[in-house]
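Each chain, written out:
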Amino acid sequence: MAPRDHAMPVDEPMTSADESLVDCRDAALTFGRGATAVVAVHGANLRVRPADRLAIVGPSGSGKSSLLHLLAGLEQPTSGSVTWPALDGPGGIGIVFQGDSLIPALDVVENTALPLVLAGVPAAEAQRSAAEALALVDAADLAQRLPEEISGGQAQRVAAARVLAQAPRLILADEPTGRLDHATGGHVLDALLTAADRTGAALVVTTHDPAVAALLTTRLAMRDGRLLTVAEPQETS
Ligand code: ADP
Ligand code: MG
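This one's a predicted model, so the numbers in the text were calculated from it and none came from an experiment.

Trainee: Break down the packing of helix 2 (residues 108–118) against helix 4 (residues 152–164) for me, with residues and values.
Mentor: At their nearest, the axes of helix 2 and helix 4 sit 7 Å apart, and the two run at 35° to each other. At the point where helix 2 passes helix 4, the crossing takes the right-handed sense. Contacts from Val-108, Asn-111, Thr-112 and Pro-115 of helix 2 reach helix 4 at Val-158, Ala-161 and Arg-162. The class makeup of the residues in the contact of helix 2 with helix 4 is four nonpolar, two polar and one charged.

Trainee: So what's going on with the coordination of the magnesium ion (ligand 2)? Residues and values would help.
Mentor: Protein-derived coordination of the magnesium ion (ligand 2) comes from Ser-65 (OG) and Gln-98 (OE1), at a distance range of 2.0 to 2.3 Å. Here Ser-65 is found in helix 1 (residues 64–71), whereas its partner Gln-98 is found in the loop between strand 5 (93–96) and helix 2, with 33 residues between them in sequence. For Gln-98, a relative accessible area of 45% puts it in the partly exposed group.

Trainee: Quick rundown of the site of ligand 1? Include the residues and the values.
Mentor: Within the structure, ligand 1 sits among Phe-31, Val-38, Ala-40, Pro-59, Ser-60, Gly-61, Ser-62, Gly-63, Lys-64, Ser-65 and Ser-66. Gly-61 places a main-chain nitrogen or oxygen 2.7 Å from an oxygen atom of ligand 1. Ser-65 is positioned such that a nitrogen or oxygen atom in its backbone is 2.9 Å from an oxygen atom of ligand 1. Bound to the protein, ligand 1 loses 59% of the 560 Å² it would expose on its own. Looking at the shell around ligand 1, the elements with two or more residues in it are strand 2 (38–48) and helix 1.

Trainee: An account of the pairing of strand 5 is requested, with residue identities and associated values reported.
Mentor: The side chains of a regular strand alternate between both faces of the sheet. Alternating residues of strand 5 divide into Ile-93 and Ile-95 and Gly-94 and Val-96, and every residue in both groups is buried. Across four bridges, strand 5 lies against strand 6 (residues 170–174) in parallel orientation. By the bridge assignment, Gly-94 is partnered in strand 6 with Ile-171.

Trainee: Kindly report on the sheet that holds strand 2, identifying the contributing residues and their values.
Mentor: If you walk across this open sheet you meet the three strands as 2-1-4, and the pairing is antiparallel. Among the strands making up the open sheet, the edge pair consists of strand 2 and strand 4 (79–83). Strand-to-strand twist in this sheet, taken as the mean axis angle between neighbours without regard to direction, amounts to 25°. Pairing geometry for strand 1 (residues 22–31) and strand 4, over four bridges, is antiparallel. In the sheet register, Cys-24 faces strand 4, and the bridge partner there is Val-82.

Trainee: Any details on the pairing of strand 3 (residues 53–57)? Residues and values, ideally.
Mentor: Within strand 3, five of the five residues are buried, which leaves it mostly tucked inside the rest of the structure. Of the two faces of strand 3, the one holding Arg-53, Ala-55 and Val-57 and the one holding Leu-54 and Ile-56 are both buried throughout. In this sheet, strand 7 (residues 202–207) lies alongside strand 3 in parallel orientation, the contact comprising five bridges. Considered in strand 7, the bridge of Arg-53 is made with Leu-203. Judged from the four bridges that link them, strand 3 and strand 8 (residues 218–223) form a sheet pairing that is parallel. Opposite Ala-55, over in strand 8, you have Arg-219 as the bridge partner.

Calculation rules
- Residues numbered from 1 in each chain as written.
- Chains lettered and ligands numbered in written order.
- Predicted model: local features only at pLDDT ≥ 70, side-chain atom pairs only at ≥ 80, totals over all residues.
- Heavy atoms only, no water.
- Axes fitted to C-alpha atoms, helices over the stretch in contact; angles between N-to-C directions.
- Helix = DSSP H or I, 4+ residues; strand = E, 2+ residues; numbered from the N terminus.
- Left-handed = near helix turned anticlockwise from the far one by under 90°.
- Contact = heavy atoms within 4.5 Å.
- Nonpolar A, V, L, I, M, F, W, Y, C, P; charged D, E, K, R; others polar.
- Donors = N, O, S within 2.8 Å, 3.2 Å for Na, K, Ca; no water.
- Buried < 20%, exposed > 50% of the residue type's maximum accessible area, 1.4 Å probe, protein only.
- Near = heavy atom within 4 Å.
- Polar contact = N/O pair within 3.5 Å; in protein donor to acceptor, adjacent residues only side chain to side chain.
- Areas by Shrake-Rupley, 256 points an atom, 1.4 Å probe, with all protein chains shown as cover.
- Pairing = 2+ DSSP bridges.

Pasting the structure below:
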């Protein structure tokens with residue numbers, strides 16, 4: 001096993017070859033200003049490396065989505081910095097958004113291929129990559145179905161495949177099991193973990209469910225916009 005503390009917000013000296021996919025330093029995110037300002041994220045420190053399997057656990061409103069959007073470069077930090085030392089900007093990041101939904105008029109393989117098609121990949125190649133990604137999350141048999149013909153758990157696996165088809169080096173998944181029962185949620189997370197292993201991507205998952213967080217290698221807690229480390233149980237093997 002790789003050392004388990006590498007996703008922790010510790011301050012290490014910079015090395016010449018920084019392999020961090022994301023380096024978040026005292027990054028804060030405030031919405032609004034003045035009396036109505038909401039500090040969604042207080043100075044968060046976090047580094048994500050290629051082999052990381054990281055859970056960010058916290059209740060609704062604790063700032064999980066806001067932090068994920070900072071990591072993805074979708075929001076600019078109000079103070080502090082977010083950089084992607086080993087990536088060419090945030091472009092190599094795939095996101096499964098909270099409540100991700102599929103386009104009703106497109107079948108599953110078309111939904112999965114859509115970001116590639118929009119990025120200019122030729123249709124046949126996009127379909128082939130989409131089919132491979134669906135197989136990785138054990139959803140190959142759903143390829144020709146419409147979104148209304150699949151379950152919530154299957155839809156979340158397809159949302160994961162849609163990200164995987166883009167071959168990201170970092171996968172950010174925002175409550176991918178949020179609306180699912182425990183067994184189905186576990187299956188979705190297994191799919192994400194398997195896919196990350198197979199593609200060599202790092203994985204960051206937000207969740208309010210400790211049982212989901214337990215399936216990841218490292219856990220960090222989010223409370224009222226603050227990112228905290230969690231005491232890890234001793235490794236027994
Ligand atoms: P979580 O994902 O853990 O439920 P969020 O990151 O969505 O938490 O929200 C953290 C806090 O920031 C909440 O108080 C929420 O109301 C607020 N917030 C989130 N997005 C916005 C926004 N676009 N404008 C204003 N406030 C926001
Ligand atoms: Mg959220």
